[in-house]
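# Coordinate inspection notes
As a plain string of letters, each chain reads:
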Protein chains: 2
Amino acid sequence: MNRKGMVYLVGAGPGDAELLTLRGAALLRQADVVIHDALVNPELLRLAPAQAEIIGRTADRPFSQAELNALLQARAAAGKCVVRLKGGDPFVFGRGGEEVEALAAAHIPFEVVPGVSAVTAVPLAAGIPLTHRTLASTLTVVTGHEDPAKPNQGVDWALLARTPGTKVILMGVERLASIAQTLIGHGQAPDTPVAVTQWGTTGRQRTVEGPLSDIARRVADAGLGRRR
Amino acid sequence: MNRKGMVYLVGAGPGDAELLTLRGAALLRQADVVIHDALVNPELLRLAPAQAEIIGRTADRPFSQAELNALLQARAAAGKCVVRLKGGDPFVFGRGGEEVEALAAAHIPFEVVPGVSAVTAVPLAAGIPLTHRTLASTLTVVTGHEDPAKPNQGVDWALLARTPGTKVILMGVERLASIAQTLIGHGQAPDTPVAVTQWGTTGRQRTVEGPLSDIARRVADAGLGRRR
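The present account deals with the structure reproduced in this document. (Residues numbered from 1 in each chain as written. Chains lettered and ligands numbered in written order. Predicted model: local features only at pLDDT ≥ 70, side-chain atom pairs only at ≥ 80, totals over all residues. Heavy atoms only, no water.)

Right, let's get into the interface of chain A and chain B. Many descriptions give the size of an interface as the accessible area lost when the pieces come together. At the interface, 44 residues of chain A touch 44 residues of chain B. Together chain A and chain B conceal approximately 3,800 Å² of surface at their shared face, both sides included; 66% is due to carbon and sulfur atoms. Applying the counting rule to chain A against chain B returns 8 residue pairs in polar contact (both at pLDDT 80 or more). At 6 residues, the largest contribution of residues to the side of chain A that touches chain B is made by strand β6 (residues 138-143) of chain A. Here the residues of the side of chain A that touches chain B sort into 23 nonpolar, 13 polar and 8 charged. Here 5 bridges tie β6 of chain A to strand β6 (residues 138-143) of chain B, and the two strands are oriented antiparallel to one another. (Contact = heavy atoms within 4.5 Å. Buried area = accessible area lost by both parts, 1.4 Å probe. Polar contact = N/O pair within 3.5 Å; in protein donor to acceptor, adjacent residues only side chain to side chain. Helix = DSSP H or I, 4+ residues; strand = E, 2+ residues; numbered from the N terminus. Nonpolar A, V, L, I, M, F, W, Y, C, P; charged D, E, K, R; others polar. Pairing = 2+ DSSP bridges.)

Quick look at helix α3 (residues 96-105) of chain B now. Because the α-helix completes a turn every 3.6 residues, residues three or four places apart line up on one side. All buried positions along α3 of chain B are accounted for by Gly-96, Gly-97, Glu-98, Glu-99 and Leu-103 of chain B. Downstream of α3 of chain B by a residue or two, His-107 of chain B has a phi angle that is positive, lying close to 55°. (Buried < 20%, exposed > 50% of the residue type's maximum accessible area, 1.4 Å probe, protein only.)

With that out of the way, let us pick up the relation of the copies chain A and chain B. Once chain A is rotated about the relating axis by 180° and shifted along it by 0.0 Å, it coincides with chain B to within an RMSD of 0.0 Å. Here the symmetry operator amounts to a two-fold rotation axis. A share of 100% of interface residues in chain A that are also interface residues in chain B marks the association as one of identical surfaces. (Least-squares fit on C-alpha atoms with pLDDT ≥ 70 in both.)

Next up on the list: the packing of helix α2 (residues 65-77) of chain B against α3 of chain B. Residue and element names in this part refer to chain B. Their axes nearest at 10 Å, the elements α2 and α3 cross at an angle of 50°. The pairing of α2 with α3 is recorded here as oblique in orientation. Between α2 and α3 the crossing geometry is right-handed. Listed contacts from α3 to Gln-65, Leu-68, Asn-69 and Leu-72 of α2 are Glu-99, Ala-102 and Leu-103. Per-class residue counts for the contact of α2 with α3 are 4 nonpolar, 2 polar and 1 charged. (Axes fitted to C-alpha atoms, helices over the stretch in contact; angles between N-to-C directions. Parallel < 35°, antiparallel > 145°, perpendicular 65-115°, else oblique. Left-handed = near helix turned anticlockwise from the far one by under 90°.)

A few words now on unusual backbone geometry. Most peptide bonds take the trans form, and the phi angle of most residues other than glycine is negative. Residues and elements named next belong to chain A. Phi is positive for Thr-201, close to 75°, though the residue is something other than glycine. Here Thr-201 lies in the loop between β8 (193-198) and β9 (206-211). Classification of Thr-201 by relative accessible area gives buried; the value is 13%.

Honestly, that's just the spatial picture; any functional story needs more than this.
Quick look at the structure:
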């Protein structure tokens, strides 16, 4: 049988395996190859056929974006149905856009299947509505991956401190003390209520709440941010 | 059989029925009652059992939030499994937070099941990465439902005009001319690239692109925003 290979970039969702989409599940069930990130819930991999090739891009087995693109290209050229399963938010600070660019540049046929976004699902699972008719009319999402004390920031923290509404900071736990200090330094009220959630939507979900001025200490005391 | 009633607030996703979550589909399949909004894809209702009571909250049959809450409460008290299927973004400008508050106040047991958000899925389906390592580090989401020319805005349009990164304006097509004029008046560059997408993620998806200064005319010419 001569099949045309195809790459499906599938958003795996924020954690809970039941939050995969019907389309994502259907594609996994017919996958010849699954290439997944470290953050992907391992339960999802069981949906793939027993004979499928499962390749994890993990801390033990890291490979570069160039190596990944070469792998996607090779498997697609061999006629395989490739599911590139991306955890977290592939297209919000997840470099999904760069993977799409690489596939397009290499003329690899691909389709993107959006997933449930941690931006909206994790606050929801923690009981926090992101907007409210009378309380919050703007939602701002930034990455907390970079230290705000560094120069040449992608994020304008001074402007963010003055922005009204709800702020979601993804991957912010490691830089939390610096982020809180920077926001307060730029005029954000020290008593601004903050919730920090780890392993959102899964059975391990934990949330620590507190004022901006004290949240870093509370999160450290609770041991959030540790991998296990 | 004496069952405890329960209300499940399920995010239906942005349009494409295949973007429902596995959990949402499982709940629909066991629903006694489904209460859905006008925006929900009718294909999803076919997942419910044939004997399920299907109640649409549509333009033909509008009911108030108080009536809706009374209905949820009555069906849950009768031991029913109630799926409240919400289209669009229930918890991002969709009043999902208010429904949750009402359920909690009425001591109705409920569970919230997040869905794929239009905020992330629709730009993706239109081929637009929301963030990019070198181009956009902040994502701002506002509702375009209110006319920015009105006083006492929930959205700070002056600040939004100065905010860097990608801006997603939900439900903005009716006020598009006013929104564009307001942003330009507050200093947003007139040549800022804009994409307007209708029926995102469905077979009817249409996108019109253009500079901020001309986008309202282009969208009007293309007939976007009409219901059919």
